[in-house]
Amino acid sequence: MEALTIIRPESLSLSSEQVRALMPYFLVFGGIMLATLLAVVKGIKPKWPVFLLAVATAVVGVVASANLIPDATIGMFNGMMVSDSYSHFFNVIFMASAGITILASLRYLDREQLQHPEYYVLVLLSALGMMLMTSALDLIVIFIALEIMSLAVYVLVGFRRTDKKSNEAAMKYFILGSAASAILLYGAALLYGATQSTNIHEILKFTQAQPAGMTPLFTLGVWLVMIGFLFKVASVPFHMWMPDVYEGAPAPVTGFMTTGLKAAAFASFMRFFISMGYGTTLSATLQAHIHDILWVSAVLTMIVGNVIALTQTNLKRMLAYSSIAHSGYLLVGLLAGSGTPGGYSAVVFYLVAYAIMNLGAFIILTVISNREDTGLNLHDVSGLASRSPWLSFAMAVFLFSMAGIPPTAGFAAKYMLFYSAIQAHETPLVIISVLCSSISVYYYLRVLVYMYMREPVGSAPASRVSMWSALAVALMVAMTLQFGVVPARLVEVTKRAVASL
Amino acid sequence: MDISPVFFYVFAALAIGFSLSVILKKNPVGNAFSLVMVFFAFAGIYAILGAHLIAALQVLVYAGAIMVLFIFVIMLLNADEPSFDMGRSHIGIKIGAGTLCAILFCTFVWAIKESPINIPAGRFTPEAIQASGGNTQVVSELMFSEYILPFELTSVLLLAAIVGAVAIAKRKLGKN
């Protein structure tokens, strides 16, 4: 019996291209380490140095990743990680949403007396986990990256430690999230048993090589991994955690979760979805099964999300249910992706548009809320237009965008998503989506009616907007309108990103 | 070296039985000790699989170090039985959950029975591992070459956990 050759020299060193491709990760991690150190240096107040360093790290991360989007695909670490346009495109989203969350949090943390430097470090750590998750090609790495991302967010959700709701949300999220991670891990183990690999490209090769190898064990593994992802994107019936968590979490963290976390889960889900051979090499029966079950899940997600959102009076809860509904639309895009020329680019575009408008809406909620996130009910925003006209205008833009009314990014995104679904002959699904989408117009516009057409209740003073939050909101409004009017450039980039998959 | 599958079933039954007792018992110290037994049963299963290093580490790290921490936490929290009493859940929920669990269990059994079990042996047969220096050497070489990325990322995960623990624990209530 000859000895195993385990250590291969090529897996022990990184070429210069690989180092270049890893730069965003190194830079962000360096920023995190430096921020952690700054937070504990004696004699200085950590607030400003850590805040500025965190913002700088996010900006550097955005620039470094954006630079790498046009580069060729490079595999790393024995194919466990890949640097392609797709991953760097999403890295830009994650770092941007982390940066904007940090900008919007400064005054919020002061007001809530929570100004601790760990907050900024955790936001960056979570974003780093998202970056790694999107570029991971191995189920083990996906799992670890998912845990990095989730652990940081569990703590952020419970950051208002003296608040009962925040505690409850963190606890619920932690327990359910851990269970979902365990299910994902179990699925990965079964897939390893069925295909002898945890690498998603190897699994794809396996399905191509032997269609007979798609045993029930394989199917079970695929389903358990998918359930793990479906939990993270909160599709029905794995959505129960979301409203409570969104309501209990500090408002800027909720904004971060709806954008970063959801985009990361979908980005990784899409990689897995394609790599198990959906639409290409998967056996017809298994494909039909997956299609039908996801079809039902998408429809239920849209209906439950939109209908329950109708009855909510708390804005955070309403946006939570609307976030569930948006997961449903994204699942529609996922189902249609393999049957259209544009592929999955409509889903990517939708994720970008959704991230922009939702981040903006949550920054505004952060600004207008009172202490301990109270004062976010519908009647609290009545007459907001007379108090803070600019905030109301921005909120109106975001709400129009979420409802999918031109000329906003939300309209362009929905148009492309539904168009791709029609091309893929998913007409019944599109009809249901459009109907659900028209339900959503009611609860989005109801907020507008309260803001513009109702008299203010009591005499609340105009909310003070910090320079940083104003900057972030202005940026989001500009982007929402820009991608709504001229989406072509973004479409090009999303197509290139998806082509590199 | 062949080990009778009876051992597997014994250890598996122990693991499942004590896992149930972890979640069903209401005495926290009892839960902790059931958990120790689960860890020991896992160590037994690892040993049957020929992963002696993992079995030893399982006993040392989980059943040893981590359990001591658990017991410390239980002692410091001074949690008493009533705080574990969450009241009775609705009978309908119980029946529904039980039915779903049974269906899930049957699906698993079916899937595993239907799948061919003549999966070809991978690279790491006991003989090959013996020839290249034993479990410890092979595991450590793998960890620092092929699996270097997950290994390093685990340290990032631990950093996240440490920062998170500090963030939750250090703040004084009501003080900025």
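This text goes with the structure placed above it.
It should be emphasised that the depicted structure is a prediction, and the values quoted were computed from it without experimental measurement.

### A few points about the overall build of chain A
Moving on, step 1. Along the backbone of chain A there are 19 helices and two strands.
Moving on, step 2. Its C-alpha atoms give chain A a radius of gyration of 22 Å, within 12% of the compact-globule value 23 Å for 501 residues.
Moving on, step 3. Across its three principal axes, chain A shows a C-alpha extent of roughly 85 × 60 × 40 Å.
Moving on, step 4. Looking at chain A as a whole, 63% of its 501 residues are labelled buried.
Moving on, step 5. Long-range contacts, defined here as pairs at least 24 residues apart, represent 80% of the contacts in chain A between residues at least 6 apart.
Moving on, step 6. Carbon and sulfur atoms form 68% of the exposed surface of chain A, whose accessible area is close to 17,900 Å².
Moving on, step 7. Where the 27 positive side-chain charges of chain A centre and where its 22 negative ones centre are 9 Å apart.

### Things to note about helix 8 (residues 216-232) of chain A
All names here are of chain A.
Moving on, step 1. The first and last C-alpha atoms of helix 8 sit 25 Å apart over 17 residues, in line with the 24 Å expected at 1.5 Å per residue.
Moving on, step 2. Most of helix 8 is tucked away: 16 of the 17 residues are buried.
Moving on, step 3. With its phi angle positive at about 55 degrees, Ala234 sits one or two positions after the end of helix 8.

### Details of the pattern of salt bridges
All names here are of chain A.
Moving on, step 1. Taken as a whole and judged by the stated rule, the model has eleven salt bridges over all chains.
Moving on, step 2. Of the charged contacts, one joins Arg111 and Glu112 as a salt bridge, the two residues approaching to 3.2 Å between their closest N and O atoms.
Moving on, step 3. What emerges from the salt-bridge pattern is a single network uniting Lys165, Glu168, Lys172, Asp244, Glu247 and Arg317.

### Some details on helix 6 (residues 164-195) of chain A
Residue and element names in this part refer to chain A.
Moving on, step 1. Along its 32 residues, helix 6 runs 46 Å from first to last C-alpha, staying within 8% of the 46 Å computed at 1.5 Å per residue.
Moving on, step 2. Of the residues that open helix 6, the one with a side-chain oxygen 3.3 Å from the backbone nitrogen of Lys165 is Asp163.
Moving on, step 3. Gln196 sits one or two positions beyond helix 6 and adopts a positive phi of about 65 degrees.

### Considerations on the interface of chain B and chain A
Moving on, step 1. Taken together, the contacts link 49 residues of chain B with 47 residues of chain A.
Moving on, step 2. Buried surface at the junction of chain B and chain A, summed over both partners, amounts to about 4,100 Å²; 76% is from carbon and sulfur atoms.
Moving on, step 3. Applying the counting criterion to the chain B and chain A interface returns zero salt bridges.
Moving on, step 4. Here chain B is connected to chain A by two residue pairs in polar contact (both at pLDDT 80 or more).
Moving on, step 5. Contributions of two or more residues to the side of chain B that touches chain A are made by helix 4 (91-114), helix 5 (126-131), helix 6 (134-143) and helix 7 (148-169) of chain B.
Moving on, step 6. Counting residues per element, the side of chain B that touches chain A draws most heavily on helix 7 of chain B, at 16 residues.

### What about the packing of aromatic side chains?
Moving on, step 1. Counting across every chain of the model gives 26 aromatic pairs over all chains.
Moving on, step 2. Here B:Phe144 and B:Phe151 contribute two aromatic rings whose centre-to-centre distance is 4.8 Å and whose plane-to-plane angle is 70 degrees, an arrangement assigned as edge-to-face.
Moving on, step 3. Residue class for B:Phe144 comes out partly exposed when judged on its relative accessible area of 45%.
Moving on, step 4. Against the face of A:Tyr450 rests A:Arg454, its NZ or CZ located 4.3 Å from the ring centre.

### Comments concerning the nonpolar core
Moving on, step 1. A:Phe90, A:Val157, A:Met226, A:Met257, A:Phe272, A:Phe273 and A:Ile290 are the most contacted members of the largest nonpolar core, which has 205 residues in total.
Moving on, step 2. By residue number, the principal contributor to this core is helix 13 (residues 345-368) of chain A, which donates 20 residues.
Moving on, step 3. Sequence-distant contacts of A:Met226, defined by excluding residues within four places in its chain, comprise A:Phe269, A:Phe272, A:Phe273, A:Met276, A:Ile290 and A:Leu294.
Moving on, step 4. Residues B:Phe39, B:Ala63, B:Met67 and B:Ile74 belong to the second largest nonpolar core, which totals seven residues.

### Notes on the packing of helix 3 (residues 85-111) of chain A against helix 10 (residues 251-275) of chain A
Residues and elements named next belong to chain A.
Moving on, step 1. Running from amino to carboxyl end, helix 3 crosses helix 10 at an angle of 170 degrees, the nearest separation of the two axes being 9 Å. Regarding the angle of helix 3 to helix 10, the classification is roughly antiparallel. Of the residues in helix 10, those in contact with Tyr86, Ser87, Phe90, Phe94, Ser97, Ala98, Thr101, Ser105 and Tyr108 of helix 3 are Ala251, Pro252, Phe256, Thr259, Gly260, Ala263, Ala264, Phe266, Ala267, Met270 and Arg271.

### With respect to a nonpolar patch on the surface
All names here are of chain B.
Moving on, step 1. There is a patch of nonpolar side chains on the surface, built from Val68, Leu69, Phe72, Val73, Met75, Leu76 and Leu77 and spanning about 750 Å² of accessible area.
Moving on, step 2. Among the secondary structure elements, Val73 is positioned in helix 3 (residues 52-77).
Moving on, step 3. Owing to a relative accessible area of 45%, Val73 belongs among the partly exposed residues under this scheme.

### A look at the environment of A:Leu230
Residue and element names in this part refer to chain A.
Moving on, step 1. Turning to its location among the elements, Leu230 is positioned in helix 8.
Moving on, step 2. Assessed through its relative accessible area of 4%, Leu230 is described here as buried.
Moving on, step 3. With 97 residues separating them along the chain, Leu230 and Ser327 place their C-alpha atoms 9.3 Å apart.
Moving on, step 4. For Leu230, the contacting residues outside a window of four places in its chain are Ser235, Phe238, Phe269, Leu294 and Leu331.

What counts and what doesn't
- Residues numbered from 1 in each chain as written.
- Chains lettered and ligands numbered in written order.
- Predicted model: local features only at pLDDT ≥ 70, side-chain atom pairs only at ≥ 80, totals over all residues.
- Heavy atoms only, no water.
- Helix = DSSP H or I, 4+ residues; strand = E, 2+ residues; numbered from the N terminus.
- Rg over C-alpha atoms; globule rule 2.2 N^0.38 Å.
- Buried < 20%, exposed > 50% of the residue type's maximum accessible area, 1.4 Å probe, protein only.
- Contact = heavy atoms within 4.5 Å.
- Areas by Shrake-Rupley, 256 points an atom, 1.4 Å probe, with all protein chains shown as cover.
- Lys, Arg positive; Asp, Glu negative; His and termini not counted.
- Charge placed at Lys NZ, Arg CZ, Asp CG, Glu CD.
- Expected span 1.5 Å × (residues − 1).
- Salt bridge = Lys/Arg side-chain N within 4 Å of Asp/Glu carboxyl O.
- Polar contact = N/O pair within 3.5 Å; in protein donor to acceptor, adjacent residues only side chain to side chain.
- Buried area = accessible area lost by both parts, 1.4 Å probe.
- Phe/Tyr/Trp six-rings, centres within 6.5 Å; stacked < 30°, edge-to-face > 60°.
- Lys NZ or Arg CZ within 6 Å of the ring centre and 35° of its normal.
- Core = buried A, V, L, I, M, F, W, Y, C linked by side-chain atoms within 4.5 Å.
- Axes fitted to C-alpha atoms, helices over the stretch in contact; angles between N-to-C directions.
- Parallel < 35°, antiparallel > 145°, perpendicular 65-115°, else oblique.
- Patch = residues over 30% accessible without salt bridge, like charges linked within 9 Å, V, L, I, M, F, W, Y side chains within 5 Å.

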